[in-house]
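Chains, contacts and geometry: an overview
Listed below are the residues making up each chain.
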Amino acid sequence: MSSTNTQDKSITSNLTTQILIAMVLGAILGIVIHNTISVEAALSFSNKIKILATVFIRLVQMIIAPLVFTTLVVGIAKLGNVSAVGRIGGKALGWFFTASFISLLLGMFFVNLLKPGVGLNLSNVDLTSASEVAAKTQSISFENFIEHIVPKSIFEALATNEILQIVVFSIFFGLAAASIGDYVKPVVTALDKMSHIILKMVNYVMNFAPIGVFGAIAGVFAVRDFQELAITYFKFFGSFLIGISSLWIVLILVGYIFLKSRMTVLLKRIVSPLIIAFGTTSSEAVFPKLTEELERFGVKDKIVSFMLPLGYSFNLDGSMMYMTFASIFIAQAYGIDLDLGTQMTMLLVLMLTSKGIAGVPRASLVVVAATCGMFDIPIEGIALILPIDHFCDMFRSATNVLGNALATSVVGQWEENNEIEIDSLE
């Protein structure tokens, strides 16, 4: 057993090293390309090299839908009854909404404290770049969110990787399977074996992670003048980093409160998923790998398979912090004064409309644009943050992974303690 653990740690450490090297090499190549060839040629290079990242993310996406369905159904079936699902689901949602509220509050606090948008010069902003994002805002509303939860067809949801819809179907399927009992054991066993096959596929797919990260980083640096970006957006990006760092401190402190010394072990376990999410700006890209690492950490598979899919729909801590920060930043840039009551209303709107957006490209920007429209803030203000958004996305994607790993681990420990108490009473 110890030799297996040592081998797992060696593989994870090796992958992490490869990804870090890929990030550095990608940045160097991108900067060299940006400084040595024409803008048109650099753009062409960027589009081509990003294909490496696209292929890696698509490889991961092909696994997500079957993995969520099989693991969630098996997890619920193993929980055994509706009361257990309700108990764990209640704890999960309680944690998710508390974490989301704290993340939103932190974003609101730091944007009001540091005021990065006040006094900003809007004369050189390219507003045409915001049109693509603004076009998607019509579909973001509370009514559409409620309609979007329930799938019209499970096959459509599986085909489009709609995680929230797959979760809803899987919960109903799992509860039905659990209520029938021994009669459906062959079906549950088959799905369990299928989930293990898919998790084995994860190992193969993760071998492409360094290549994907290399492509993503090189593509961005080839078309972005990092020095110019740093100077132009120093105040916004610096303020955002202070806010996101504070959120990390809060999450890690909460982790040590609940997990004690095991929090250090958890952080070591999720280093590789964190770096992949950071490099590819996709928390979705590490879903299978995170599932594997949390089970190795000691969280029961039935808890991991229940918690993580829910977390990817309801627990995007980094994105939540960014949404209030960016929305109020745009208001500041246009000189629009939002009183505390309006900001709290905005916070509650974001709490609801942001759920279930994990699979939407540039989802945070779409929700920010929609929120601005609701509160009469110019939607074209999105153009202010588009040039720096990729770099912000790196940090918020990694934060989403940390938040979901922590939530799953803590709820897993609560359930473990609950089972011990029940056994002692018996």
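Basis of the calculations
Residues numbered from 1 in each chain as written. Predicted model: local features only at pLDDT ≥ 70, side-chain atom pairs only at ≥ 80, totals over all residues. Heavy atoms only, no water. UniProt positions renumbered as here; feature names shortened; annotations may be inferred. Helix = DSSP H or I, 4+ residues; strand = E, 2+ residues; numbered from the N terminus. Buried < 20%, exposed > 50% of the residue type's maximum accessible area, 1.4 Å probe, protein only. Contact = heavy atoms within 4.5 Å. Areas by Shrake-Rupley, 256 points an atom, 1.4 Å probe, with all protein chains shown as cover. Core = buried A, V, L, I, M, F, W, Y, C linked by side-chain atoms within 4.5 Å. Arc of directions from axis to C-beta. Expected span 1.5 Å × (residues − 1). pLDDT = per-residue confidence, 0-100.

Within an unreviewed UniProt entry, the label attached to the protein chain reads Na+/H+-dicarboxylate symporter, and the organism entered is Flavobacterium frigoris. Recorded in UniProt for the protein chain, the comment headed Subcellular location (unreviewed entry) runs: "Cell membrane".

1. Things to note about the overall build of the protein chain
Summing up its helical and strand segments, the protein chain has 19 helices and zero strands in all. Taking all 426 residues of the protein chain together, the buried fraction comes to 52%. Taking the contacts inside the protein chain whose residues are at least 6 apart along the sequence as the reference set, 88% of them involve residues at least 24 apart. Summed over its atoms, the accessible surface of the protein chain is roughly 18900 Å², and 66% of this surface lies on carbon and sulfur atoms.

2. With respect to the UniProt feature "transmembrane region" (unreviewed entry) in the protein chain
The feature "transmembrane region" (unreviewed entry), as annotated in UniProt, sits at residues 20-43, 55-80, 92-114, 163-184, 204-224, 236-259 and 365-386 in this numbering. Summarising residues 20-43: 92% helix, 0% strand, and an end-to-end C-alpha distance of 24 Å.

3. Points about the nonpolar core
F56 and I385 are the most contacted members of the largest nonpolar core, which totals 121 residues. The leading source of residues in this core is helix α19 (residues 382-425), at 16 residues. Leaving out residues up to four positions away in the same chain, F56 has contacts with V205, M206, F208, A209, G212, I276, T280 and A285.

4. Looking at helix α12 (residues 262-269)
Of the residues making up α12, those classed as buried are M263, L266 and R269. For α12, the angular spread of the buried residues around the axis is 115 degrees, confining them to a single face.

5. A look at unusual backbone geometry
Even without glycine at this site, K260 takes up a positive phi of about 55 degrees. Relative to the helices and strands, K260 resides in the loop between α11 (234-259) and α12. Assessed through its relative accessible area of 53%, K260 is described here as exposed. The backbone of D376 shows a phi angle near 55 degrees, a positive value even though the residue is not glycine.

6. Topic: helix α8 (residues 185-206)
An ideal rise of 1.5 Å per residue puts 32 Å on 22 residues; α8 measures up with 32 Å between its terminal C-alpha atoms. Those residues of α8 not exposed but buried are V188, L191, D192, S195, I198, L199, V202, V205 and M206. One face of α8 carries all of its buried residues, which in axial projection span an arc of 125 degrees. Exposed residues on α8 whose side chains face more than 90 degrees from its buried face are P186, K193, I197 and Y204.

7. Looking at the environment of I336
Mapped onto the fold, I336 is located in the loop between α16 (317-333) and α17 (340-353). In sequence terms I336 and D376 are 40 residues apart; their C-alpha atoms lie 9.3 Å from each other. Discounting residues that sit within four places of it in the chain, I336 has contacts with A331, D376, I377 and P378.

8. So, the environment of A178
Here A178 lies in helix α7 (residues 163-180). Placed 105 residues apart in sequence, A178 and V73 show a C-alpha to C-alpha distance of 9.1 Å.

9. A short note on the environment of T281
Structurally, T281 can be placed in the loop between α13 (271-280) and α14 (287-297). According to the relative accessible area criterion, T281 is buried, its value standing at 17%. For T281 and M394, which are 113 residues apart along the polypeptide, the C-alpha to C-alpha distance reads 4.6 Å. Sequence-distant contacts of T281, defined by excluding residues within four places in its chain, comprise H390, D393, M394 and S397.

10. A short note on the confidence of the model for the protein chain
This prediction gives the protein chain a mean pLDDT of 82; 84% of its residues lie at or above 70. The secondary structure element of the protein chain with the lowest average pLDDT is helix α4 (residues 131-135), at 55, and the one with the highest is α12, at 94.

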